[in-house]
Amino acid sequence: MALITSKEMFKKAYEGKYAIGAFNVNNMEIIQGIVEAAQKEKSPLILQVSAGARKYARPAYLKKLVEAAIDDTGLDVVLHLDHGEDFEICKQCIDDGFTSVMIDGSKHPFEKNIELTKKVVDYAHERGVVVEAELGKLAGIEDDVNVSLKDATFTDPDEAVEFVERTGVDSLAIAIGTSHGAYKFKGEPMLDFARLEKISNLLPNYPLVLHGASTVIPEFVEACNSFGGNIPGAKGVPEDMLSRAAKLGICKINIDTDLRLAMTAAIRKYLVENPAVFDPRKYLGEGRDAIRKMVEHKIKSVLRSSSRL
Ligand code: G3H
Ligand code: 13P
Ligand code: ZN
C-alpha cells in the first residue's frame, strides 16, 4: 500500500458519478480520524495539506504521519498540496514525495495563471506527479453582498477549455458559488449548476474539483455554541447539492470546515462536561472520534464513495 496519484481514482469516480473526499489534515488525530473512516467504508481518499498546515505541523511531520497512516490501515492514499500559491511550494512538495499538487493561480490574470500552471505541470509530470489548478475566483460574502451572485468571479466555460488544453493540467477547480469557511451564503444557498453542466459537457471525461464544499451542519455549530462557543450565522453548501455536483463531473470535493467544527464541538463538550480532566489524550481522543464520524457520514451520504476500492 502506498502513496498514489489521483489519476485512476478520478477516472472511476467520473464513470461512477461519485466524488472523492479531499480532507485537510493538520495533526495526528485528524489524520487518524479520516483514515479510520476511509478504511471502514472502503473508500478512496485524498489527504491534503495547506501552506498553513505545513507551517503549523512542519512538513516532515505531516509526511511521516501520512506514511504511518498508510502502513497502519493498508490504504492507498493521495497526498496533495492544497492551494499552492507559487512554483516554489509546489516544487518543494513534489520533491518531498507528494503525489499531487494544486497550483492556485486563480488570483492572477488568465495568461499569467496559464503560464504558472504550465510551469508546475511540466515539473510535476516529469516526476509522475499530478496537478490541480483553479480558474475563476471562489465566491464569498463581502459586507451585505452575496458575491456568489456576481457572475464575474465564476469560471467561464470557454476559458476552462482553453486553460486545460494549453496547460495540460490534470484536474481543474472551478468557481460556481461555493466559498471557503463557515460563512458561504447570506441568503438561500445557490450553486450555478447550469454553468457546471456546460463546463462538464465541454470537457468530457475530465475531473473537476469543488473547493469550499463544507455543509456547515447546524447541529455542529449549535453544539459549539451550546458549550461556550460563539459562531453566529454560519451557512454552508447543502449536502444534496454536493451529491448533485458529483453527478455532473465534480470528482474531488474539498472539506475542511466541517471537520474543524466537528472536532471543536466534541472537544468543547468534553471539557465543559469534564472540568476536572486535564489529560490531552481524553479530549483529543474525543476530537478524533468526531472527525471519524463526520468523514464516515460524508463518504456514505454525500460523496457516495463507500465500497469503491
Ligand atoms: O482552503 C483552505 C483550507 O480550508 C485550509 O485552510 O489555510 O487555514 O490551513 P488553512
Ligand atoms: P471548506 O472551508 O468549505 O471546508 O473548504 C475547504 C477547501 O476548499 C480546502 O481547499
Ligand atoms: Zn480550497
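Note: the structure precedes this text.
Keep in mind it's a predicted model, so treat the numbers as computed, not measured.

**Student:** Give a description of the site of ligand 1 that names residues and reports values.
**Tutor:** Taken together, the neighbourhood of ligand 1 is formed by N24, S50, D82, H83, H180, D256 and R260. Between ligand 1 and the protein, one listed contact pairs an oxygen atom with a side-chain N or O atom of H83 at 3.4 Å. The contact in question runs from an oxygen atom of ligand 1 to an N or O atom on the side chain of R260, over 3.0 Å. Taken by itself ligand 1 offers 300 Å² of open surface, and the protein chains cover 66% of this. Of the residues contributing to the shell around ligand 1, the split by class is no nonpolar, four polar and three charged.

**Student:** Please set out the site of ligand 2 residue by residue, giving values where relevant.
**Tutor:** As a structural note, the neighbourhood of ligand 2 is formed by 15 residues, with D82, K184, S214, D256 and T257 the closest of them. Here an oxygen atom of ligand 2 sits 3.1 Å away from a polar atom, N or O, in the side chain of H211. Residue A213 places a main-chain N or O atom 3.2 Å away from an oxygen atom belonging to ligand 2. Only β3 (78-84) and β10 (250-255) provide two or more residues apiece to the shell around ligand 2. Taken together, the residues of the shell around ligand 2 break down into two nonpolar, ten polar and three charged.

**Student:** Could you give me a rundown of the pairing of β3, with the residues and numbers involved?
**Tutor:** Counting buried positions along β3 gives six out of seven residues, so the element sits mostly inside the fold. Examined bridge by bridge, strand β2 (residues 46-49) and β3 share four bridges and lie parallel to one another. In the sheet register, Q48 faces β3, and the bridge partner there is H80. The handedness of the β3 to strand β4 (residues 100-103) crossover, carried by helix α5 (residues 87-96), is right-handed.

**Student:** Run through the coordination of the zinc ion (ligand 3), naming residues and quoting values.
**Tutor:** Coordination sphere of the zinc ion (ligand 3), protein contribution only: H83 (NE2), H180 (NE2) and H211 (ND1), at 2.0 to 2.1 Å. For the zinc ion (ligand 3), the donor residues sit on a single chain with the sequence spacing H-x96-H-x30-H. You can see H180 sitting in the loop between β8 (171-174) and α8 (193-202) and its partner H211 sitting in the loop between β9 (208-210) and α9 (218-226), a full 31 residues away along the chain. Given the relative accessible area of 44%, H180 is considered partly exposed.

**Student:** Break down the environment of G229 for me, citing the residues and quoting the values.
**Tutor:** Looking at the secondary structure, you find G229 in the loop between α9 and α10 (239-246). Taking C-alpha positions, G229 is 8.6 Å from A265, a pair spaced 36 residues apart along the chain.

**Student:** I'd like a rundown of the packing of helix α7 (residues 157-167) against α8, residues and numbers included.
**Tutor:** Between two packed helices, the angle of one axis relative to the other and the distance separating the axes together describe the packing. α8 packs onto α7 with a crossing angle of 35° between their chain directions and a minimal axis gap of 9 Å. With respect to the hand of their crossing, α7 and α8 are arranged in right-handed fashion. Of α8, the residues touching α7 (which contributes P157, D158, A160 and V161) are R195, K198, I199 and L202.

Analysis parameters
Residues numbered from 1 in each chain as written. Chains lettered and ligands numbered in written order. Predicted model: local features only at pLDDT ≥ 70, side-chain atom pairs only at ≥ 80, totals over all residues. Heavy atoms only, no water. Near = heavy atom within 4 Å. Polar contact = N/O pair within 3.5 Å; in protein donor to acceptor, adjacent residues only side chain to side chain. Areas by Shrake-Rupley, 256 points an atom, 1.4 Å probe, with all protein chains shown as cover. Nonpolar A, V, L, I, M, F, W, Y, C, P; charged D, E, K, R; others polar. Helix = DSSP H or I, 4+ residues; strand = E, 2+ residues; numbered from the N terminus. Buried < 20%, exposed > 50% of the residue type's maximum accessible area, 1.4 Å probe, protein only. Pairing = 2+ DSSP bridges. Right-handed = clockwise from strand over helix to strand, strands pointing away. Donors = N, O, S within 2.8 Å, 3.2 Å for Na, K, Ca; no water. Axes fitted to C-alpha atoms, helices over the stretch in contact; angles between N-to-C directions. Left-handed = near helix turned anticlockwise from the far one by under 90°. Contact = heavy atoms within 4.5 Å.

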